[in-house]
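Understanding the architecture of this molecule
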Amino acid sequence: MKQYILSLDQGTTSTRAIIFDKNSQIIASAAREFPQIYPQPGWVEHSPKDIMGTVVAVTGEALVRAGISASDIAAMGVTNQRETTFVWDKKTGKPVCNAIVWQCRRTAEYCEYLKTAGLSQTIYQKTGLVPDAYFSATKIKWILDNVEGARTLADAGRLAFGTADTFILWQLSRGKIFATDYTNASRTMLFNIHTLKWDEELLSLFDIPADMLPEVKPSGHNYGCTDESFFGSPIAVCGVAGDQQSALFGQLCLDEGDVKNTYGTGCFLLMNTGDKAVKSSNGLITTLAASFGGKPQYVLEGSVFVGGAVVQWLRDELKILTSAEESEKEALKVKNSGGVYVVPAFTGLGAPYWDSDARGAILGITRGTNRSHIIRAALEGIAYEVYDLVEAMQKDSGIKITRLAVDGGASKNNFLMQFQADILNCSAVRPKIPETTALGAAYLAGLTAGFWKNLNELKKNAAVDRVFTPYMSEKTRGELLNGWQKAVRHTRGS
Ligand code: ADP
């Protein structure tokens, strides 16, 4: 009997392998960081070779730590940093250049051109996305237009494009699997999220040959097996999903109206909107959820650029914290922020403001303001940013959010979670297993392989660590939110 599920989480700064048992418990894990490459300001790359090195190493390490072999793995799930673009030669398997990472701004100017050329509406209607350098399409075009010999190889039908999932599956299967899933495809800006097909009009707009693109499958699907030369025995890959959609699945937010927020460097708020693709009037994007085929499931997504990163800033730049964890104890030393607001708009404000000229600010300082007030106000600033996103999401979806599933590094902060629950006036629920991203891919793989029979089995396993219930008065909440809105106005570019 194969008793374990392997989840491979290929993130932006590290790759992690986690082995889960039938009770959704972690048996062993291994993680490795890899270098970030910054060829010039605003550009970010990853070496595909480095990434494959970490994939093979962490999988091997996790198996050794668990004391099992690949033949004990019932199925494997893959989750990954989204949008990052790999292009390689189908004949040799060699990448034509480094992967262009989602954060890379090299195609920002071209995206501005797309907007001024009036293409935003067409792109939004087909893909649910606003034209931005994050998404893969303009990165692929950049490679074909700028890497020597790439266009000729593409014209000869030799090149393959993929996000990290596709590249890893192609390599691990020695070229047998050339596929991606709906969630990853929906972040390329080439995939029509309504017809579930690569969009010919967009392919011709970006001048990308259709034969470069992988087949698109549901997230829960039997993709094929890894080549036995890697781990000793073949492992069946039965789940693939982009990191945020995987976390939504890992939180078991599977019904219409279910919402999760991840508090990492930035914050990612995702709402399951069932089989309806909800259009946003508030600057959110519409994307596909992880599912098992049948009717597609949709998600509304909003993000905050600076979330936990404001805590890093307090620690590394202001040097008023020695660790991120210390922020909780400091915040609790004062009974409120004393009228201080920190607006973490370091790189502008995202949804619902979309003001790239806004900049961060500390407001409301008096002679009595101390370090604890500023630390507390910075944590509260994260919660207010998430409040703004939640408001936008409620307006777009017409659904009142009453429960927020939380995860990510900063969700460990009990003060922040309590303040979030208070300011949203809804409960915040933190699961026992914080690795929800890896868990989502494991669930997808395990359900597809029949390792877990159904969702009820998973729901029984899903233990809650803590529920934060709101207890702030309506009056206080209103006053605090008024203050926040005033503070945001002060930071606006115009
Ligand atoms: P990512 O996946 O984006 O690298 P993580 O989920 O690992 O992020 O979370 C790291 C972020 O969370 C950092 O920005 C860090 O400052 C913040 N963080 C970690 N622990 C705490 C804490 N106890 N309180 C507040 N912020 C925290």
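Here, the structure is the one placed above.
A brief structural summary. (Residues numbered from 1 in each chain as written. Predicted model: local features only at pLDDT ≥ 70, side-chain atom pairs only at ≥ 80, totals over all residues. Heavy atoms only, no water.)

1. As for the site of the ligand
Around the ligand, the structure places 13 residues, and the nearest of them are Thr265, Gly308, Gln312, Gly409 and Asn413. Within the contact set of the ligand, an oxygen atom lies 3.0 Å away from a backbone nitrogen or oxygen of glycine 308. With respect to the ligand, the backbone of alanine 324 contributes an N or O atom lying 3.5 Å from a nitrogen atom. Ranked by residue count, the leading element in the shell around the ligand is helix H11 (residues 309-316), at 3 residues. In the shell around the ligand, the residues fall into 4 nonpolar, 8 polar and 1 charged. (Near = heavy atom within 4 Å. Polar contact = N/O pair within 3.5 Å; in protein donor to acceptor, adjacent residues only side chain to side chain. Helix = DSSP H or I, 4+ residues; strand = E, 2+ residues; numbered from the N terminus. Nonpolar A, V, L, I, M, F, W, Y, C, P; charged D, E, K, R; others polar.)

2. Observations concerning the sheet that holds strand S2 (residues 14-20)
Taken in spatial order, the 6 strands make up an open sheet running S3-S2-S1-S5-S14-S13, and their pairing is mixed. With partners counted over all chains shown, the strands left at the sheet margins are strand S3 (26-33) and strand S13 (220-225), one partner each. Strand-to-strand, the axes of this sheet are offset by a mean angle of 25°, without reference to chain direction. Pairing geometry for strand S1 (residues 4-10) and strand S5 (residues 73-80), over 7 bridges, is parallel. Across the sheet, isoleucine 5 pairs through a bridge with alanine 75, a residue of S5. Contacts from helix H1 (residues 48-66) reach S1, S2, S3 and S5 within the one sheet, and its direction differs from that of S3 by about 150°. (Pairing = 2+ DSSP bridges. Axes fitted to C-alpha atoms, helices over the stretch in contact; angles between N-to-C directions. Contact = heavy atoms within 4.5 Å.)

3. A few points about the packing of aromatic side chains
A complete count under the given rule lists 21 aromatic pairs for this structure. Between phenylalanine 451 and tryptophan 452, the aromatic rings sit 4.9 Å apart at their centres with planes inclined by 80°, giving edge-to-face as the arrangement. On the accessibility criterion, tryptophan 452 (0% relative accessible area) is buried. Each member of the aromatic cluster is reached from another via a ring pair, and the members are Phe86, Trp88, Phe167, Trp170 and Phe178. Over the face of the ring belonging to tyrosine 134 we find arginine 105, whose NZ or CZ atom lies 5.3 Å from the ring centre. Positioned above the aromatic ring of tryptophan 142, the side-chain terminus of arginine 106 is 4.5 Å from the ring centre. (Phe/Tyr/Trp six-rings, centres within 6.5 Å; stacked < 30°, edge-to-face > 60°. Buried < 20%, exposed > 50% of the residue type's maximum accessible area, 1.4 Å probe, protein only. Lys NZ or Arg CZ within 6 Å of the ring centre and 35° of its normal.)

4. Considerations on the sheet that holds strand S17 (residues 285-288)
Spatially, 7 strands are ordered S17-S18-S16-S15-S21-S22-S23 in an open sheet, and the strand pairing comes out mixed. For this open sheet the edge positions go to S17 and strand S23 (464-468), each flanked by a neighbour on one side alone. Ignoring strand direction, the axes of neighbouring strands in this sheet form an average angle of 25°. The sheet contact formed by strand S16 (residues 267-272) and strand S18 (residues 298-304) spans 6 bridges and is antiparallel. Within S18, the residue paired with methionine 271 across the bridge is leucine 300.

5. Comments concerning empty space enclosed by the protein
If you walk through the whole model with that rule in mind, you get 2 cavities of 30 Å³ or more. Estimated volume of the largest cavity: approximately 100 Å³. Lining of the largest cavity is provided by 14 residues; of these, Val304, Leu349, Gly350, Ala351 and Glu385 occupy positions nearest its centre. Those elements giving two or more residues to the lining of the largest cavity turn out to be S18 and helix H13 (371-397). For the lining of the largest cavity, the residue count by class is 9 nonpolar, 3 polar and 2 charged. Of the voids in this model, the second largest cavity is the one considered here, and its volume is about 50 Å³. Contributing to the lining of the second largest cavity are Tyr124, Gln125, Gly128, Ile193, His194, Ala277, Val278, Lys279 and Thr286. (1 Å grid on protein atoms, 1.4 Å probe; cavity = no way out; pocket = protein on both sides within 12 Å on 5 of 7 lines; lining within 4 Å. Points joined across faces, edges and corners; volume = space filled by probe spheres on them.)

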